[in-house]
Amino acid sequence: MQSEEHTLVEEKLITDKENAVVPEDLKTAEMPCITDEYEIVYQRPKTLVDVSMHYCPGCAHSLVHKLIMEAIDELGIQEQTIGVAPVGCAVFAYDYMDIDMSEAAHGRACAVATGIKKLMPDKYVFTYQGDGDLAAIGVAETLHAINRGENILIVFMNNAVYGMTSGQMAPTTLAGMKTTTSPYGRDTSFYGFPIKVSELIAPLPGAFYVTRQTVNNATAVRKTKKALLNAFRYQKLKKGTCFVEIIGNCPSNWKMTPVETLKFVDDEMIKYFPLGDIKLPKGEDLKNLQEDK
Ligand SMILES: Cc1ncc(C[n+]2csc(CCOP(=O)(O)OP(=O)(O)O)c2C)c(N)n1
Ligand code: SF4
Ligand SMILES: [Mg+2]
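Residues numbered from 1 in each chain as written. Chains lettered and ligands numbered in written order. Predicted model: local features only at pLDDT ≥ 70, side-chain atom pairs only at ≥ 80, totals over all residues.

What to know about the overall build of the chain
Piece 1. Secondary structure summary: the chain contains ten helices and nine strands in total.
Piece 2. Expressed as a percentage of the 293 residues in the chain, the buried residues total 40%. (Helix = DSSP H or I, 4+ residues; strand = E, 2+ residues; numbered from the N terminus. Buried ≥ 20, exposed ≤ 12 C-beta atoms within 10 Å, placed from the backbone.)

Below you can see the structure in the form of structure tokens.
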């Protein structure tokens, strides 16, 4: 948390450059007090609405929203993009994404996205869905949309639980993982095994690009951003569905601190859900991409 004094100095630097005063204890030899001397290296993407989000502290949803919006900004496709929000913790995604968006009933995002894309084939259409939404109630819509090769992007947030409804077991809950409906840990002899959705859908002929990423460290965040950028770009080719699975977290329902969840992703989640590209487009499929943004 910033001290009151520090905040005041920052305000001074921004609003009153000529007369800005830096207290002795904040001064360093290298510290210029004119903001024009700084190069801007990071800014909130303009497509990400400047409001507080409702997510719990440390939740990956907010970070992934930002990455999607950065990708849209960088590709300059804000006006041409339509998103479909899920039912789940990200149900209010449309409050944060300054693009055209539609809500879908629980699990039906791929069906809604299909309708939108068929009516407006030149738009960039994506769904944003949790594991309960996509892999449980929505598994039929998801498989059929991909099998039809719908030219949409599916962003699949896998946090291994039903976050919004207080942490029930999801199709992706790890073996042994405690949830509110598996309080002694998921017993696979009773509940079955966690589904690897990316591996399940990759063999479908309609799947064009399938990758699994995470966001628990800076390198992973950059890779996820690249995957999202590629997935949006590939949509122009009209060759099939792009599927970007992102291993997220849920500090509140995993009963961990945000930092502990990052370690859990490394130690447990990505052991069962290995990261990387599962299906890549063939070179010849990409030959028309260069002229596109
Ligand atoms: C038809 C229907 N069934 C059940 C629910 C209750 N419900 C709301 S969100 C949710 C699960 C969300 O989990 P997930 O998709 O993994 O999203 P997360 O909150 O973890 O991001 C459920 C079962 C609902 N809203 N509608
Ligand atoms: S309950 Fe879990 S998934 Fe939902 S906002 Fe909180 S941390 Fe994120
Ligand atoms: Mg979930």
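Some remarks on the site of ligand 1
Piece 1. Among the 19 residues in the neighbourhood of ligand 1, the closest are listed as Gly88, Gly130, Gly132, Asp133 and Gly163.
Piece 2. When residues of the shell around ligand 1 are traced back to their parent elements, those giving at least two are helix 4 (131–137) and strand 5 (161–162).
Piece 3. The greatest single-element share of the shell around ligand 1, amounting to four residues, is contributed by helix 4.
Piece 4. Counted by class, the shell around ligand 1 contains ten nonpolar, seven polar and two charged residues. (Near = placed C-beta within 6 Å. Nonpolar A, V, L, I, M, F, W, Y, C, P; charged D, E, K, R; others polar.)

Some remarks on the nonpolar core
Piece 1. Counting residues in hydrophobic clusters, the biggest one holds 66 residues, and the most contacted among them are Leu153, Val155, Phe156, Ala231, Phe243 and Val244.
Piece 2. Examining the composition of this core, we find that seven residues originate from one element, helix 2 (residues 60–75), more than from any other.
Piece 3. The residues touching Leu153, leaving out its near neighbours within four places in the chain, are Phe126, Ala231, Phe232, Gln235, Cys242 and Val244. (Core = buried A, V, L, I, M, F, W, Y, C linked by C-beta atoms within 7 Å. Contact = placed C-beta atoms within 7 Å.)

Examining the confidence of the model for the chain
Piece 1. Mean pLDDT for the chain: 91, with 86% of residues reaching 70 or above.
Piece 2. pLDDT under 50 marks residues 1–17. Its contacts with residues more than four places away, or in other chains, come to 13 contacts. (pLDDT = per-residue confidence, 0-100.)

Remarks on the environment of Gly185
Piece 1. Mapped onto the elements, Gly185 comes out in the loop between strand 6 (168–169) and helix 6 (188–191).
Piece 2. The partly exposed category is assigned to Gly185, around which 14 C-beta atoms lie within 10 Å.
Piece 3. Gly185 sits 16 residues away from Met169 along the chain, and the two C-alpha atoms are 9.5 Å apart.
Piece 4. If we skip the residues at most four places from it in the chain, Gly185 touches Gly176, Met177 and Lys178.

Quick word on the site of ligand 2
Piece 1. In the neighbourhood of ligand 2, the contacting residues comprise Tyr55, Cys56, Cys59, His61, Cys89, Asn159, Gly163, Met164, Cys250, Pro251, Ser252 and Asn253.
Piece 2. Ranked by residues supplied to the shell around ligand 2, first place goes to helix 9 (residues 251–254) with three residues.

What about helix 10 (residues 258–272)?
Piece 1. Between the first and last C-alpha of helix 10 there are 20 Å, a value that for 15 residues agrees with the 21 Å anticipated at 1.5 Å per step.
Piece 2. Approximately 45° is the largest bend angle found in helix 10, and it occurs at Val265.
Piece 3. Among the residues of helix 10, those classed as buried are Thr261, Leu262, Val265 and Met269.
Piece 4. Buried-residue contacts for helix 10 involve strand 7 (207–214), strand 8 (241–247) and helix 9. (Expected span 1.5 Å × (residues − 1). Bend = angle between axes of the 7 residues up to and from the residue.)

Focus: the pairing of strand 1 (residues 81–85)
Piece 1. Counted residue by residue, strand 1 has four buried out of five residues, so it is predominantly covered.
Piece 2. Sheet topology note: the strand 1/strand 3 (residues 124–130) ladder contains four bridges and is parallel. For Gly83, the partnering residue across the bridge sits in strand 3 and is Phe126.
Piece 3. The sheet contact formed by strand 1 and strand 2 (residues 100–103) spans four bridges and is parallel. Bridging across to strand 2, Ile82 finds its partner in Asp100. (Pairing = 2+ DSSP bridges.)

Section: unusual backbone geometry
Piece 1. In this structure, Ser166 takes a positive phi of about 90° despite not being glycine.
Piece 2. With respect to the helices and strands, Ser166 occurs in the loop between strand 5 and strand 6.
Piece 3. Owing to 12 C-beta atoms within 10 Å, Ser166 belongs among the exposed residues under this scheme.
Piece 4. Backbone geometry at Lys238 places phi at a positive 55°, although glycine is not the residue there.
Piece 5. On the basis of neighbour counts, which here come to 12 C-beta atoms within 10 Å, the residue Lys238 falls in the exposed class.

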